[in-house]
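Chain residues, written in single-letter form:
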Amino acid sequence: MLLVSNMKGSKVDVWQGTLALMVLKTLETLGPLHGYGIARRIEQTSNNLLAVNYGTLYPALLKLEQEGWITSEWGVSDNNRKAKFYSLTRAGRKHLEKEARNWEQTTGIIARFFGAGEPTS
Amino acid sequence: MFQRERLDRELAAELDSHLALHVDDNLRAGMPPEEARRQALLKLGGVAQIEEQHRQARGIPFVEHLMRDVWFGARTLRASPVFTCVTILTLGLGIGANAAVFSIINAALFQPLPVERPNELVTINRAGFPTHSYPDYRDFRDRNTLLAGIAAYRISPMSLEAGGAATRIWGYLATGNYFDLLGVRAVVGRAFEKSDDLVPGGHPVLVLSHECWRSRFGADPQIVGRIVKINGSPFTIVGVMPAGFRGTERLLTPDLWVPMMMEAHIESGNDWLERRGTHNIFLLGRLRQNVSVAQAEASLNAIASQLGREHPETHEGMAIALSPPGLVGNFMRGPVIGFSGALLAVAGLVLLLTCTNLTGLLLARSTDRQRDTAIRLALGAGRLDLIRRSLVESALLSMAGAAAALLLAQWVATALTGWRPPTDVPLSAHIALDHRVLAYSLGLAVLSTILVGFMPALQSTRTDVVPTLKEETTRWRGGWHSRDIIVGLQMVLSTVLLIGSLLVVSSLQHATTVDVGFNPRGAVSARVDLGLQGYDQARARDFQRRVREEIALLPGIDSVAVANAVPLSMDVSTHTVYVEGQPEPRASDVPVAIYYQVSPGFFRTLQTRLVAGRDFASSDTQESPRVAVVNQAFAQLLGSGDPVGRRFRSGRSGEWTEIVGVVQDGKYQTLSEAPRPVAFHSGAQWYNPTTSIVARSSLPEGEALELVRQAVRRLDPSLSLFEDGPLSEILALPLFPARVAAALLGVFGALAIVLVLVGTYGLMSYGIAQRTREICIRRAVGASSPHIVRLVLGRAAVVWSAGVGVGAAVSLVGTPLLSPILLGVGPRNPAVIGLACGILGLVTAAACWLPTRRALAADPVALFRTS
């Protein structure tokens, strides 16, 4: 589902919402990170399922910044490259918590829904 | 626009850094450099696409949108110059009236005094009247700990003699620390200091105001050291104050300052420096840092109660209140706030009227542009875009209006600063446009943008796209249209304004015919203060006698008299009355009478009718028994029986005075007062150095006045006359508040009528233009002319009656505010209310005339042919 996400309609929203959550979760786990780092991390944790272009990440980052959930600052990477580092704001952390709860609820419901149809052995 | 470039550059830099990081990783994984870069680019995706997406996510910046709207708005406004000019001028008048009123209030209440750290200054007010005695001042100054210092001042008339000519001016008697406490330094020479104010009569020095230096001494740079005479004694000029400094009273402009220790030379024969019971100086303190007003007030009250214990007979229960300085202590603060409030309310009404009228105009304009709007909507413009565009347009108009308003306010401020009310006291204020006035005007501009722009903006978004584009005229909807409401509102506001202005105008008309108890026409008066000129009692009495003899002999003079003051001037004194043979009333019930000291011939000169008894005669002298002439209101205090021959005492310990005559009642302080008891005492028996000369003559007033001036000059060329002019001129003072109100409300009332005329005309024209089709159909099926007229006028009649009704109701609540200046008319006058409603009815009918004719002339045949 994630792979067909770059099309029109509601799927984009699903994709964008999911991607945003992934970004926020990444920043929560790893702390301040540049765009490239975020992209690599998402790619790795999703077992390379996320085969889209890295570039799509940047409009998403801008959206998150406009929402006030992350802030950015220019800094220097481990190997001495100038890069823009993103970090989670307090509002972003709250939003992430809320979304995580929603997500667990939703997946829980879906799981029970699918699980209910199967024989319990 | 710069914002966009900056964001683009930043994104590019971020993508560069992304690529660099990715290439680094690829190189570490063992790729050759070429391949590493290619893979990184591939993985990133199309840079142009990212940039485009990025820009879309950013949205078009607000500023850019706004700039576009501003340009568009300016273009549309330029396209209709007449509309634009009318709107800007109207708004300029509306906002300008408010800015001008506010600049007056600003000068009287908000502008800080031009001294160092003005916020620390406080006036120390005694409960009752805010003045203190000099011994009290000394005690407060020496005992208090929370004030960095206390200075005292008093404002007095003085006679300034420089280069042979004497002029009456007003100056400060100020303590030596006055300038030091304020932190004001002289621009020429020096200010006087503590050392100048140690010994009574010790240092006859003075400091000039900048204005006095400029106007009376030609801004002479060598002025320091020059000797002038004040009240006959020589004083040395030591310095000149800076131009902005006008003392510590906002509404008075002094000419000079002298040390308080010189008091005996300024007010000779009235030495009050050591009198604890004479409360006549204002105290000004500066708070120490980090001391609050409440703390300082508490500590001063502690001193006040000490004083109460030490001097129980005069200072029992003395209480202190601190206030900001500048309005005769805090004495004038209440009246100033009240007057300002009333002015602001009237100006606010005018702005509201202006706004409703402009709303009407803009609504009409948006109706005109319906097609335009419909096309925009059809092309996909958002409703918010339309509202914003419309608001930007009205904001442009308001801003231009505010600019025009500031020009107007500047003009008013300059005129008012230079203007002097008809009194001898140098009442004036320095009115200037500062950041507060600017902020206030801009605030009003924003407010009027919202008031004026919002309704048309909303209306334009309610355009029905399809019928408008198909050029189907919109149907006349029943129910209330926003334009009806606006004209109704105008009608309400105009009714209130019109009733107010009619009341004031009719009161003014009444005032000019009111019987003041004397005939001001054909008489002249002039005053001289012999005390200020160093006369003692014998010389002054001699002068008062000789000036009468001198003038009486001149050809053309019918009669002449002297008095301490004439009725209806600012100079009013009162004393208590104890009537012989009546039990002494309680202290609070003792009647109070205004009194004058007059020479024989006073009533003949003023043409005040003698009702009983006789006038004063030359046989009434210092040696003969005391006599007085009283007015009819005074005679009523005596109960029944003939007042002539009865005796009274002025004050409990006064001498018995016999009443020898009764004169008609008149007006003494204000034109609206009820009859008040007045006693005229014999000038020969009661000495007063202030001398008013009144003369009646058949000559033109200017010539008669010149004769009086020459006679005084012959007797003593060094005397300076003041308040000299035709007697009718002194009526200008009591009439002054009513005149100002009449002028203001008159202008506003006329404005209201014009606005209603225009508003109603616009309403009717549009309504009929929209209903032409309906009217034609009605005519075609046989409707008669009266039927059509009823149809057309019905709505106007409803709007008129509703508006006038509500307005009259509002005025019933509002006009009693005017009662202090109303004379001979009640604030709730049914005739005036009826007249106002009638005028507005006529105006409405006039406004409907043309549109109705147009409706009657509608030709069904022509209409059906064309559509």
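What counts, and at which threshold
Residues numbered from 1 in each chain as written. Chains lettered and ligands numbered in written order. Predicted model: local features only at pLDDT ≥ 70, side-chain atom pairs only at ≥ 80, totals over all residues. Heavy atoms only, no water. Helix = DSSP H or I, 4+ residues; strand = E, 2+ residues; numbered from the N terminus. Buried < 20%, exposed > 50% of the residue type's maximum accessible area, 1.4 Å probe, protein only. Areas by Shrake-Rupley, 256 points an atom, 1.4 Å probe, with all protein chains shown as cover. Contact = heavy atoms within 4.5 Å. Phe/Tyr/Trp six-rings, centres within 6.5 Å; stacked < 30°, edge-to-face > 60°. Pairing = 2+ DSSP bridges. Axes fitted to C-alpha atoms, helices over the stretch in contact; angles between N-to-C directions. Buried area = accessible area lost by both parts, 1.4 Å probe. Salt bridge = Lys/Arg side-chain N within 4 Å of Asp/Glu carboxyl O. Polar contact = N/O pair within 3.5 Å; in protein donor to acceptor, adjacent residues only side chain to side chain. Nonpolar A, V, L, I, M, F, W, Y, C, P; charged D, E, K, R; others polar. Patch = residues over 30% accessible without salt bridge, like charges linked within 9 Å, V, L, I, M, F, W, Y side chains within 5 Å. pLDDT = per-residue confidence, 0-100. Parallel < 35°, antiparallel > 145°, perpendicular 65-115°, else oblique. Left-handed = near helix turned anticlockwise from the far one by under 90°. Core = buried A, V, L, I, M, F, W, Y, C linked by side-chain atoms within 4.5 Å.

Helix and strand counts for chain B come out as 25 helices and 21 strands. When each of the 867 residues of chain B is scored for burial, the buried share is 49%. Here chain B displays about 39,700 Å² of accessible surface, and carbon together with sulfur accounts for 60% of that area.

The subject of this paragraph is the overall build of chain A. In terms of regular secondary structure, chain A is built from four helices and three strands. Beginning at the N terminus, the succession of helices and strands in chain A can be written as α-β-α-α-β-β-α. Buried residues in chain A amount to 37% of all 121 residues. Counting only contacts in chain A whose residues sit at least 6 apart along the sequence, the fraction spanning at least 24 positions is 41%. For chain A, the computed accessible surface area is about 7,800 Å², with 55% contributed by carbon and sulfur atoms.

Now for the packing of aromatic side chains. Residues and elements named next belong to chain B. Counted under the stated rule, the structure contains 23 aromatic pairs over all chains. Arranged with centres 6.0 Å apart and planes meeting at 50°, the rings of Tyr-172 and Tyr-178 form a pair that is tilted. Assigned by exposure class, Tyr-172 and Tyr-178 land together as buried. Taken together, a centroid distance of 5.3 Å and an interplanar angle of 70° make the contact between Tyr-595 and Trp-686 edge-to-face.

All names here are of chain A. Ordered in space as E1-E3-E2, the three strands form an open sheet in which the pairing is antiparallel. The outermost strands of the open sheet, each flanked by one partner alone, are strand E1 (33-34) and strand E2 (70-76). Bridge count between E2 and strand E3 (residues 82-88): seven bridges; the pairing is antiparallel. Looking across to E3, one finds that Ser-72 is bridged to Tyr-86. Packing against the sheet, helix H3 (residues 57-67) makes contact with E2 and E3, and its axis sits at approximately 120° to E2.

Residues in a regular strand project their side chains so that they alternate between the two faces of the sheet. Residue and element names in this part refer to chain B. Along strand E2 (residues 147-162), 13 of the 16 residues are buried, which leaves the element largely enclosed by surrounding structure. Of the strand pairs in this sheet, E2 and strand E9 (residues 282-287) are connected by six bridges, and their pairing is antiparallel. For Leu-147, the partnering residue across the bridge sits in E9 and is Leu-287. Looking at chain direction, E2 and strand E3 (residues 165-174) are connected through ten bridges and run antiparallel.

This part takes up the interface of chain A and chain B. Accessible area lost on assembly of the parts is the figure often given for the size of an interface. Taken together, the contacts link 21 residues of chain A with 22 residues of chain B. Both faces considered, chain A and chain B share a buried interface measuring about 2,000 Å² in area, 57% of it formed by carbon and sulfur atoms. Summed over the shared surface of chain A and chain B, the number is five salt bridges. Salt-bridge contacts for B:Asp24 lead to A:Arg81; the nearest nitrogen and oxygen are separated by 2.9 Å. Summed over the shared surface of chain A and chain B, the result is twelve residue pairs in polar contact (both at pLDDT 80 or more). Elements supplying a minimum of two residues to the side of chain A that touches chain B: helix H2 (35-45), H3 and E3 of chain A. Partitioned by chemical class, the residues of the side of chain A that touches chain B number nine nonpolar, seven polar and five charged.

What follows covers a nonpolar patch on the surface. All names here are of chain B. Taken together, the side chains of Met-399, Leu-442, Val-446, Ile-450, Phe-454 and Leu-458 present a nonpolar region at the surface, about 500 Å² in accessible area. Per-element tally for the nonpolar patch: the top contributor is helix H15 (residues 435-461), with five residues. Considering the arrangement of structural elements, one finds Leu-442 in helix H15.

Residue and element names in this part refer to chain B. Inspection of the secondary structure puts Val-452 in helix H15. Of the residues examined, Val-452 reaches a relative accessible area of 4% and is grouped as buried. Contact partners of Val-452, with chain neighbours within four places excluded, come to Cys-355, Leu-358, Thr-359 and Leu-362.

Residue and element names in this part refer to chain A. Across chain A, the average pLDDT comes to 77, with 76% of residues at or above 70. Looking at the elements of chain A, mean pLDDT is at its lowest for helix H1 (residues 10-30), recorded as 73, and at its highest for E3, recorded as 91. In this model, residues 1-13 is a region of pLDDT below 50 whose contacts with residues beyond four sequence positions or in other chains number twelve contacts.

It helps to recall that an α-helix has 3.6 residues per turn; residues three or four apart then point in one direction. Every buried residue of H3(A) is listed here: A:Leu57, A:Tyr58, A:Pro59, A:Ala60, A:Leu61, A:Leu62 and A:Leu64. Just downstream of H3(A), A:Gly68 is the residue with a positive phi angle, here 90°.

Take the side chain of A:Glu43 next. Here A:Glu43 is to be found in helix H2. Within the structure, the side chain of A:Glu43 is placed 2.8 Å from the side chain of B:Lys43, a separation counted as a polar contact.

Turning to the packing of H2(A) against H3(A), a few remarks are in order. Residue and element names in this part refer to chain A. Where H2 contacts H3, the axes come no closer than 11 Å and their chain directions differ by 110°. Relative to H3, the element H2 is oriented roughly perpendicular. Between H2 and H3 lies a crossing whose hand is right-handed. The segment H2 lies against H3, with Gly-35, Tyr-36, Ile-38 and Ala-39 engaging Leu-57, Tyr-58 and Leu-61.

Right, let's talk about the packing of helix H23 (residues 785-814) of chain B against helix H24 (residues 830-857) of chain B for a bit. When two helices pack together, their arrangement is given by the angle between the helix axes and by the axis-to-axis distance. Residues and elements named next belong to chain B. H24 packs onto H23 with a crossing angle of 155° between their chain directions and a minimal axis gap of 10 Å. Overall, the two elements H23 and H24 adopt an arrangement that is roughly antiparallel. As for how H23 packs across H24, the hand of that crossing is right-handed. For the pair H23 and H24, the contacting residues are Ser-785, Ile-788, Val-789, Val-792, Leu-793, Ala-796, Trp-800, Val-804, Ala-808, Ser-811 and Leu-812 in the first and Ile-833, Cys-837, Leu-840, Gly-841, Thr-844, Cys-848, Thr-852, Ala-855 and Leu-856 in the second. Split by residue class, the contact of H23 with H24 holds 15 nonpolar, five polar and no charged.

Our next topic: the pairing of strand E7 (residues 233-240) of chain B. Residues and elements named next belong to chain B. The buried fraction of E7 amounts to six of the eight residues, a majority that puts the element mostly inside the structure. By the bridge criterion, two bridges tie strand E4 (residues 188-189) to E7 in an arrangement that is antiparallel. Among the inter-strand pairings, Val-188 is bridged to a residue of E7, identified as Val-240. Here strand E5 (residues 205-208) runs beside E7; their pairing, made up of four bridges, is parallel. Among the inter-strand pairings, Val-207 is bridged to a residue of E7, identified as Gly-239. Across four bridges, the pairing between strand E6 (residues 227-230) and E7 is antiparallel. Paired with Ile-230 across the two strands is Ser-233, which belongs to E7.

As a further point, take unusual backbone geometry. The phi angle at A:Asn80 is positive, at roughly 60°, despite the residue not being glycine. Tracing the sequence through the fold places A:Asn80 in the loop between E2 and E3. Of note in the backbone geometry, B:Asn290 takes a positive phi value of approximately 65° without being a glycine. Here B:Asn290 is to be found in the loop between E9 and helix H10 (293-310). Of the residues examined, B:Asn290 reaches a relative accessible area of 80% and is grouped as exposed.

Now for the environment of B:Ser682. The residue B:Ser682 is located in strand E19 (residues 678-682) in this model. Apart from residues lying up to four places away in sequence, B:Ser682 is in contact with B:Val598, B:Phe616, B:Asp620 and B:Val627.

Residues and elements named next belong to chain B. Along the chain, Arg-68 falls in helix H4 (residues 62-79). Of the residues examined, Arg-68 reaches a relative accessible area of 45% and is grouped as partly exposed. A sequence separation of 321 residues divides Arg-68 from Arg-389, and the C-alpha atoms of the two residues are 9.4 Å apart.

Before going further, it helps to examine the nonpolar core. Residues and elements named next belong to chain B. Tyr-596, Phe-602, Phe-680 and Leu-727 are the most contacted members of the largest nonpolar core, which totals 62 residues. If you tally residues by element for this core, the top one is helix H17 (residues 482-513), at eleven residues. Not counting chain neighbours up to four residues away, the residues in contact with Phe-680 comprise Tyr-596, Val-598, Phe-602, Phe-603, Phe-616, Ala-628, Val-629, Val-663 and Tyr-668. Formed by 44 residues, the second largest nonpolar core is a distinct cluster that contains Ile-150, Leu-208, Met-260 and Leu-307.

Scanning the model with the defined rule gives 33 salt bridges over all chains in all. Where A:Glu43 meets A:Arg40, a salt bridge forms, and the shortest distance between an N and an O atom there is 3.8 Å. Residue A:Glu43 and its partner A:Arg40 are both found in helix H2; the two are separated by three residues, about one turn of the helix. Among the residues examined, A:Glu43 registers a relative accessible area of 10% and is labelled buried. Judged by its relative accessible area of 25%, A:Arg40 falls in the partly exposed class. Between B:Asp542 and B:Arg546 there is a salt bridge whose closest N-O contact spans 3.5 Å. Of this pair, B:Asp542 and B:Arg546 both sit in helix H18 (residues 537-552), four residues apart, roughly one helical turn. A residue is classified by how much of its surface remains accessible, and B:Asp542, at 28% relative accessible area, is partly exposed. Residue classification places B:Arg546 among the partly exposed positions, given a relative accessible area of 38%. Ionic contacts of the salt-bridge type, sharing partners, join the residues A:Arg40, A:Glu43, B:Asp25, B:Arg28 and B:Lys43 into one network.

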